Amino acid sequence: MTKFSAFYRSTTGPLLILLLTLGGCQNLPSSDNTSDLYEQLGERKGIASIVEDMLYRIVEDDRINQAFKGVDVVQFHRNLTDQLCQLSGGPCTYNGRSMREVHDGMAITDTQFNAVAEDLILAMEKNGIPTAAQNRLLARIAPLYPTIRGL
Ligand code: HEM
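Only a predicted model underlies this, so the values are computations on that prediction, with no experimental measurement involved. The numbers attached to residues start from 1 for each chain and follow its sequence in the written order. This being a predicted model, a pLDDT of at least 70 is required before a residue's local features are given, and a value of 80 or more before pairs of side-chain atoms are given or counted; all residues contribute to the totals for chains, interfaces and linings. Excluded from the side-chain calculations are hydrogens and water; all other atoms, namely the structure's heavy atoms, are used.

Trainee: Explanation requested: the overall build of the chain in the structure shown.
Mentor: Each helix is a run of H or I in the DSSP string that is no shorter than four residues. Each strand is a run of E no shorter than two, and both are numbered from the N terminus. A count of helices and strands for the chain gives nine helices and zero strands. Scanning the chain from its N terminus toward the C terminus, one meets helices and strands in the order α-α-α-α-α-α-α-α-α. Only protein chains enter the accessibility calculation, which uses a 1.4 Å probe; a residue whose area is less than 20% of its type maximum is buried, one above 50% is exposed, and one in between is partly exposed. Looking at the 151 residues of the chain, the share that counts as buried comes to 41%. In this description, contact between two residues means that some pair of their heavy atoms is separated by no more than 4.5 Å. Sequence separation of 24 or more characterises 78% of the internal contacts of the chain that already satisfy a separation of 6 or more. Taken as a whole, the chain presents about 8,400 Å² of accessible surface, with 58% of it coming from carbon and sulfur. Areas reported here follow the Shrake-Rupley algorithm with a probe of radius 1.4 Å; residue values treat only the protein chains shown as occluding.

Here it is, written out as structure tokens:
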């Protein structure tokens, strides 16, 4: 276990609360729909690099790597990059399957959801993304939580 994963393992609960809280903020009048987040993430090239680093972390992450066995990595990388690009306000269109369809039957737990989120955070950290921009992206992912968990 790496030092980082040990640290994040101990913060699983608070992270989920943070994600859900940030998601809730999206409905406030100051709703955050601008595309400058896309620029802060380094546009599509920067997002592709973040997703690549995230994938390396997922492979090493014993909490979730079993679920990703046999996955088409090229397709996963392209679709997740497009999804994050679109969510951040960039000129991309996500052409993958719906979040409910993709994750249906996986019985994804909170711990697993947090693990993926943590691996994304660490990948953004590695790519020098400022914390405020990280939180803005997480806030845009948070509304996907129920469909990914099949709730
Ligand atoms: C932050 C939360 C998550 C987001 C934004 C997300 C997003 C995505 C996207 C965009 C795809 C590609 C869909 C496609 O190719 O049509 C995907 C596929 C996949 N996701 Fe997630 N996901 C999340 C959490 C999880 C979790 C927690 C797991 C399991 C531990 C998981 C397991 C998978 C697997 C195995 C695939 C590949 C399915 C296939 O190709 O058949 N995901 N996800």
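Trainee: How should the packing of aromatic side chains be read in this particular structure?
Mentor: To describe a pair of aromatic rings, one takes the distance between the centres and the angle between the planes. Only Phe, Tyr and Trp rings take part, Trp by its six-membered ring, and two of them pair if their centres are within 6.5 Å. Stacked means planes under 30 degrees apart, edge-to-face means over 60, and tilted covers everything else. Applying the stated criterion to the full structure yields two aromatic pairs. Ring plane angle 70 degrees and centroid distance 5.5 Å describe the contact between Phe68 and Phe76, whose orientation is recorded as edge-to-face. On the basis of relative accessibility, which here comes to 26%, the residue Phe68 falls in the partly exposed class. On the numbers, 5.0 Å between centres and 85 degrees between planes, the contact of Phe113 with Tyr145 is edge-to-face. Note that Phe113 is positioned in helix H7 (residues 110-126) and Tyr145 in helix H9 (residues 145-149), a separation of 32 residues in sequence.

Trainee: How should the coordination of the iron atom of the ligand be read in this particular structure?
Mentor: In an ideal tetrahedron of four donors about a metal, each angle is 109.5 degrees. In an ideal octahedron of six donors, the angles are 90 or 180 degrees. A donor here means any N, O or S atom no more than 2.8 Å from the metal (3.2 Å for Na, K and Ca); water is not included, so a site may seem to lack partners. A lone protein donor contacts the iron atom of the ligand, and this donor is His103 (NE2), found at 2.1 Å. By secondary structure assignment, the location of His103 is in helix H6 (residues 99-103).

Trainee: How should the confidence of the model for the chain be read in this particular structure?
Mentor: Fine structural detail should not be taken from predicted coordinates in areas where pLDDT scores are low. Per residue, pLDDT captures the predictor's confidence, and it can take any value from 0 to 100. Averaged over all residues, the pLDDT of the chain is 86; the fraction at 70 or higher stands at 77%. Long-range and interchain partners of residues 1-12, a stretch whose pLDDT sits below 50, account for 12 contacts in this model, where long-range means more than four residues apart. Scored below 50 in pLDDT, residues 24-31 shows four contacts in the model against residues more than four places distant or in partner chains.

Trainee: Teacher, can you tell me more about the nonpolar core here?
Mentor: Where a protein is soluble and globular, its nonpolar side chains tend to be buried together. Take the buried residues of types Ala, Val, Leu, Ile, Met, Phe, Trp, Tyr and Cys, join any two whose side-chain atoms come within 4.5 Å, and each joined set is a nonpolar core. Residues Leu41, Ile47, Ile50, Leu84, Leu120, Met124 and Leu137 are the most contacted members of the largest nonpolar core, which totals 30 residues. Broken down by secondary-structure element, the contributors of at least two residues to this core are helix H3 (36-40), helix H4 (43-60), helix H5 (73-87), H7, helix H8 (131-141) and H9. Look past the residues within four positions of Leu120 in its chain and what remains in contact with it is Ile50, Met54, Leu84, Leu137, Leu138 and Ile141.

Trainee: Teacher, can you tell me more about the site of the ligand here?
Mentor: Whether a residue is near a molecule or strand is decided by its heavy atoms; if any one of them lies within 4 Å of it, the residue is near. Around the ligand, the structure places 22 residues, and the nearest of them are Ala67, Phe68, Asn79, Arg97 and His103. Contacts described as polar in this section are N or O atom pairs within 3.5 Å, which, within protein, must combine one atom able to donate a hydrogen with one able to accept it, while residues neighboring in sequence count only if both atoms come from side chains. At 3.3 Å, a side-chain N or O of Gln75 approaches an oxygen atom of the ligand. Note that a nitrogen atom of the ligand is positioned 2.9 Å from one of the side-chain N or O atoms of His103. Contributing elements (two or more residues each) for the shell around the ligand: H5, H6 and H7. The element best represented in the shell around the ligand is H5, accounting for five residues. Each residue belonging to the shell around the ligand can be placed in one class, and the counts come to 15 nonpolar, six polar and one charged. We call Asp, Glu, Lys and Arg charged. Ala, Val, Leu, Ile, Met, Phe, Trp, Tyr, Cys and Pro are nonpolar, and the rest, Gly among them, are polar.

Trainee: In this structure, what is going on with the packing of H7 against H8? I would like to understand it.
Mentor: Helix packing for two helices is described by the angle between their axes and how far apart those axes are. To obtain an axis, a line is fitted to C-alpha atoms, over the contacting stretch when the element is a helix, and the angle between two such axes runs from 0 to 180 degrees between their N-to-C directions. Contact pair H7 / H8: the axes reach a minimum separation of 11 Å and the direction vectors enclose 150 degrees. One element, H7, and the other, H8, form an angle in the roughly antiparallel class. Crossing of H7 against H8: the hand is right-handed. Contacts from Leu120, Ile121, Met124 and Glu125 in H7 reach Gln134, Leu137, Leu138 and Ile141 in H8. Considered class by class, the residues forming the contact of H7 with H8 number six nonpolar, one polar and one charged. Orientation categories follow fixed angle ranges, with anything under 35 degrees roughly parallel, anything over 145 roughly antiparallel, 65 to 115 roughly perpendicular, and all other angles oblique. Here is the rule for handedness: rotate from the far helix to the near one, and if that takes an anticlockwise turn smaller than a right angle the crossing is left-handed, while a clockwise turn gives right-handed.

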